[in-house]
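Examining the three-dimensional arrangement
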Amino acid sequence: MAIAPDRFSHFAAIDWSGAVGARQPGIAVAICTHGAEAPTLVAAEGGWSRAAALDWLASAMPPDTLVGLDLGPSLPFVDRGAFFPGWSDSPADARGLWRLVEAICADDPHLGASSFVDHDAIAPHLRRHGGRKGVFFEGRGRLRVTEEAQGLQGLNPTSALNLVGAAQVGKSSLTGMRVLHRLAGRLPVWPFDPLPASGSAIVEIYTTIAARAAGIRKGLSKMRDAESLDAALAALGSAPHRPLARYDDHATDAILTAAWLRTTAHRADLWTPPALTPHIAQTEGWTFGVT
């Protein structure tokens, strides 16, 4: 797949959060254009909420933006031939999963996903707080094919079925699925949708991939000061960033990953990973940057 260098005009990265509550300090949005100017943070009045992020994606994001969401857009399917083996209502593909999460969580405020996590047919597949490990949850939890590939690249993926611990990504993934469901028909999500010839598109990102590309060693991926961020940006050909009011790994991850997307969006190999079959594309999806 040939990707023109000017296919996208903007590159954005969103560090996501699955936490309970109306406003999420863990959500950060950064954006940049072509050239060397560092990405800048996008502010939301009163702080970001998941609903505000949804509105920005749907109506305020610049045209022709490649936006990366730091969340898992699906759950493991390929290893067992189902998201929830043995359950007759287990969805057949990722979009069915998004619809299911939305339907079960329709009354959860702030695009939360607590009702899904506590659903009688789903909870047995999860590891939840309070020592509640479902009878079908084994080891560290099932992984998607793209997550297995992440491990082969020296990364340390975490199962989205694990909802416990600082590294858990399950809550972010489930709340993100509600956003993706509501964007259906308005914004394509690769690889569930083919990359369109023009317009904006969403991809799944893993901010650690950007950190590795910037030369940050394993175990040192989090940048919490201006000097570390500028050093990483420089490794990606970016100018120094504008000073931030507060340095945390949400903001710095978003800024660095937006810069990384700018340097990699044209790479045909990242849009055509050898292991990405049509079946995987429709059920589990793929992390942009995993080859």
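Structure shown above.
What comes next is a walk through the structure. These numbers were taken from a predicted model, which means no experiment stands behind them.

**Thoughts on the overall build of the protein**
Across its full length, the protein carries 10 helices and 7 strands. Against the 2.2 N^0.38 benchmark of 19 Å for 291 residues, the protein shows a C-alpha radius of gyration of 18 Å, consistent with a compact globule. Dimensions of the protein, computed from the C-alpha atoms along their principal axes, are close to 50 × 40 × 35 Å. Residue burial in the protein is summarised as follows: out of 291 residues, 55% are buried. Counting only contacts in the protein whose residues sit at least 6 apart along the sequence, the fraction spanning at least 24 positions is 66%.

**A closer look at the nonpolar core**
One finds Ile14, Trp56, Leu57 and Phe116 to be the most contacted residues of the largest nonpolar core, which totals 48 residues. Every element with two or more residues in this core is listed here: strand 1 (10-15), strand 2 (28-33), helix 1 (50-60), strand 4 (65-70), helix 2 (94-104), helix 3 (114-117) and helix 5 (170-182). When residues of this core are assigned to their parent elements, the largest contribution, 5 residues, is made by helix 2. Excluding its chain neighbours within four sequence positions, the residues that come into contact with Trp56 are Ala12, Ile14, Val29, Ile31, Val42, Trp48, Met61 and Pro62. In this structure, Ala28, Tyr206, Ala214 and Phe288 belong to the second largest nonpolar core, which totals 45 residues.

**A short note on helix 4 (residues 145-152)**
Of the residues making up helix 4, those classed as buried are Thr146, Glu147, Ala149 and Gln150. Projection of helix 4 onto a plane perpendicular to its axis shows the buried side chains occupying an angular sector of 155°, all on one side. Of the residues flanking the end of helix 4, it is Gly154, one or two places downstream, whose phi is positive at about 85°.

**Observations regarding the pattern of salt bridges**
By the definition in use, this model includes 11 salt bridges. The closest approach of N and O atoms between Glu102 and Arg182, which form a salt bridge, is 2.8 Å. With Glu102 in helix 2 and Arg182 in helix 5, this residue pair connects regions lying 80 residues apart in the sequence. A residue is classified by how much of its surface remains accessible, and Arg182, at 36% relative accessible area, is partly exposed. It is possible to trace a salt-bridge network through shared partners that takes in Glu102, Arg178 and Arg182.

**Details of the sheet that holds strand 1**
Each strand in a sheet pairs with its neighbour through backbone hydrogen bonds, running either in the same direction (parallel) or in the opposite one (antiparallel). Taken in spatial order, the 5 strands of this open sheet run 3-2-1-4-7, and their pairing is mixed. Of all the strands in the sheet, just strand 3 (40-41) and strand 7 (201-204) have a single pairing partner and so form its edges. Bridging between strand 4 and strand 7 involves 4 bridges; their strand directions are parallel. Its bridge partner lying in strand 7, Gly68 is registered against Val203.

**A look at helix 7 (residues 226-235)**
Those residues of helix 7 that sit buried are Leu229, Ala232 and Leu233. End-on, the buried residues of helix 7 take up no more than an arc of 100°, which puts them together on one face. For helix 7, the elements touching its buried residues are helix 8 (249-264). Just past helix 7, the residue Gly237 takes up positive phi, approximately 80°.

Rules behind the numbers
Residues numbered from 1 in each chain as written. Predicted model: local features only at pLDDT ≥ 70, side-chain atom pairs only at ≥ 80, totals over all residues. Heavy atoms only, no water. Helix = DSSP H or I, 4+ residues; strand = E, 2+ residues; numbered from the N terminus. Rg over C-alpha atoms; globule rule 2.2 N^0.38 Å. Buried < 20%, exposed > 50% of the residue type's maximum accessible area, 1.4 Å probe, protein only. Contact = heavy atoms within 4.5 Å. Core = buried A, V, L, I, M, F, W, Y, C linked by side-chain atoms within 4.5 Å. Arc of directions from axis to C-beta. Salt bridge = Lys/Arg side-chain N within 4 Å of Asp/Glu carboxyl O. Pairing = 2+ DSSP bridges.

Bear in mind that shape data such as this cannot, by itself, settle questions of function.
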